[in-house]
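# Per-entry structural report
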Amino acid sequence: MCGIVGYIGGRDCADVLMDGLEKLEYRGYDSAGIAVFEKNIIRTVKTRGKLKCMADKLAAEGKPEGFCGIGHTRWATHGEPSDINSHPHSNGRVTIVHNGIIENYAELKEFLTEKGYSFVSQTDSEIVACLLDFYYDEREPLRAIMETVKELRGSYALGILFKDFPDRVYATRKGSPLIVGLGESEYFIASDIPAFLKYTKNYALLDDDEIVAIDNGGVRFFDVHGIEVKKRVQTADWDIEQAQKCGYPHYMLKEIHEQPEVVKKTLDSLVRDGVPDFSGIGLTDDFLRGVKRVFVVACGTAMYAGMVGRYAVEKLARVPVAVEIASEFRYMDPIVGEDDLVILVSQSGETADTIASLELAKSRGAKTLAVVNVKYSAIARGADMCIHTLAGPEIAVASTKAYMVQITALYALAFRFAYARGKIPADEMKRLTAQLYNAPKAIRDVIDNKDECQFIASQLVNVETLFFIGRGFDYALSLEGSLKLKEITYIHSEAYAAGELKHGTISLIERGIPVITVATQRDVLAKTVSNMEEVKARGATIIAVCRKGTEFAEGTVDIKLGLNIGDEPSVGCEPSIGCELDDMLIPLPTVCALQLIAYYTSVLRGIDPDKPRNLAKSVTTE
Ligand code: AGP
């Protein structure tokens, strides 16, 4: 996945492009580049490395002076990160930036080679520049784009400059996002809204196969046949502060701190008269009563959020729920049909495997529900119904606040599901909802006591391998805690259902290996403690994450992280008693502690947690 930007207007283009790329750097950061019309001639500057390297290069070489151009930040797919493979790519008459994958690039390359084209990079993207040039003989940019996209298979968002048309930007897309920002006499293209949020909140969405032509006179949209179309102007409900670090050293830490607020905001949007109400999106009680099975399909952290949702829905509504990895679901010929509800969970709404799973579920007649944070995304637009989570822009590659609002939404759904199916009365739905409103306070408490997580991080900073274990909700949390830790610290970590370790993996436990035991669920606590003791007996260092009041036998636990979420049994408790949470809801504050442990370990190891190696924020390729 990559990020693309484009600008035309009265400002210094290079500055606007670099500014936009900084907001899109979460999409890829192994190289960057810009191309700007400088006195009617396109000047390109690009380099391998993070945007900082690009800024240094511009400072050393002098930035291109002009008011119209395109830019790119790359996450390499075809060809290693290098100066040559960086975008923009050009073949003389056409200069492009590309986000996506051209699947038939090899055959197009062969065709173009026969036509006399030669290539300097190993990228699939350079082929697009050459193909555009091939179809540009009549010097009609729109026609050249229309002919070119007919030949492309795969996904793309393209920003295009034609050397004969200074101060004009073209763009088109299929499968990859592209948004057109509409300012006062200035216009933008971008992979995501934060890239131009500083200048305008107004935007229009480009649909698949549409083309936009932008010059100083304004913006014109065309359909696949070249017929001009009108687009709806929309207004972003994000603030620029949400897309900035605001004094925090990293986006990840800022986003962790935002969690109490975004949980409340998301809840407020889902709750009417004290109970979750999804009738506005067509998710009525009648519909929920008729559902036979639920599938939650997602990737990575979003999939682990789905596991929490599964435990909650099954526990309360007694409907069978399967959690499926999207990249598997799409190819496993799943038994899914019209009585089923398929829930697609995604922060970005543009994850390729989740999109494909959505299409598959629809083709089998299942009803689809998106739980998505980016409301203009492909998944949000493609599903039958959409719960729009309100985390705001999540910039750090490691997902934190998006996971938090995903599980918030899934809990709310579980409550309504259970009520609709007659498994809990209205009063209980109300009580559970009030409990969920306690979560922001409990999360805030974890953040206020972050020094405890910092201490645990200091104990992990030099380890080579560690384990997470837990049962039920704690197992789902272990998976997420382990993913978070390994993705931003590069420490090898595995998560296991606590009872499963002794079926093989326990052979890896030796003296000093940390085992983070998530032990918040009182119904299985005794069993989890036995598993803890099994690994302790083999030399493990036990770090227990549990309720503050949980007691363990002397010598079992080396470090205890006690969460201040009430020690009394939840049965019959009043929601008004501060942070008290039902066990089922404890994942909300607990995951915050696991995120903080991962964050501080990353920082102590000298890693940038916002931009871990090899990763990009959204995975738009298979
Ligand atoms: C989370 O920390 C990861 N970076 C990753 O697992 C992510 O959750 C996954 O790629 C799914 O992304 P999505 O939510 O945008 O679909």
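Residues numbered from 1 in each chain as written. Predicted model: local features only at pLDDT ≥ 70, side-chain atom pairs only at ≥ 80, totals over all residues. Heavy atoms only, no water.

## A few points about the side chain of His89
For His89, the location among the structural elements is in strand β5 (residues 89–90). For His89, a relative accessible area of 2% puts it in the buried group. Within polar-contact distance, the side chain of His89 engages the backbone oxygen of Asn85 at 3.2 Å. (Helix = DSSP H or I, 4+ residues; strand = E, 2+ residues; numbered from the N terminus. Buried < 20%, exposed > 50% of the residue type's maximum accessible area, 1.4 Å probe, protein only. Polar contact = N/O pair within 3.5 Å; in protein donor to acceptor, adjacent residues only side chain to side chain.)

## Here we look at the packing of aromatic side chains
Tallied over the entire structure, the rule returns eleven aromatic pairs. An aromatic cluster of three or more residues is present, and its members are Tyr7, Phe188, Phe196 and Tyr199. Geometry around Tyr311 places Arg310 over its ring, the cationic atom sitting 5.9 Å from the centre. Positioned over the ring face of Tyr490 is Arg613, at 3.8 Å from the centre of the ring. (Phe/Tyr/Trp six-rings, centres within 6.5 Å; stacked < 30°, edge-to-face > 60°. Lys NZ or Arg CZ within 6 Å of the ring centre and 35° of its normal.)

## Some points on the sheet that holds β5
Judged by pairing direction, the sheet is antiparallel, and its seven strands sit side by side in the order β5-β6-β7-β8-β12-β13-β14 without closing on themselves. Edge positions in the sheet fall to β5 and β14 (228–229), since each has one partner strand and no second. Taken together, the five bridges between strand β8 (residues 168–174) and strand β12 (residues 211–215) define a ladder with antiparallel strand orientation. Counterpart to Thr172 in the pairing with β12 is Ile211. (Pairing = 2+ DSSP bridges.)

## Looking at the domain arrangement of the protein
Assigned domains within the protein: domain 1 (3–239), domain 2 (247–436) and domain 3 (438–607). Put simply, the middle of domain 1 and the middle of domain 2, counted by C-alpha atoms, are 33 Å apart. Contacts between the two partners involve 17 residues from domain 1, matched on the other side by eleven residues from domain 2. For the pair domain 1 and domain 2, the summed buried surface comes to about 1300 Å²; carbon and sulfur atoms form 56% of the total. Per-residue buried area on domain 1 facing domain 2 is highest for Tyr26, Leu205 and Trp238; these three make up 40% of the total on that side. Where domain 1 touches domain 2, the interface holds three salt bridges. Glu350 is the salt-bridge partner of Arg27, the closest N and O atoms lying 3.0 Å from each other. (Domains from an automatic or database assignment. Contact = heavy atoms within 4.5 Å. Buried area = accessible area lost by both parts, 1.4 Å probe. Salt bridge = Lys/Arg side-chain N within 4 Å of Asp/Glu carboxyl O.)

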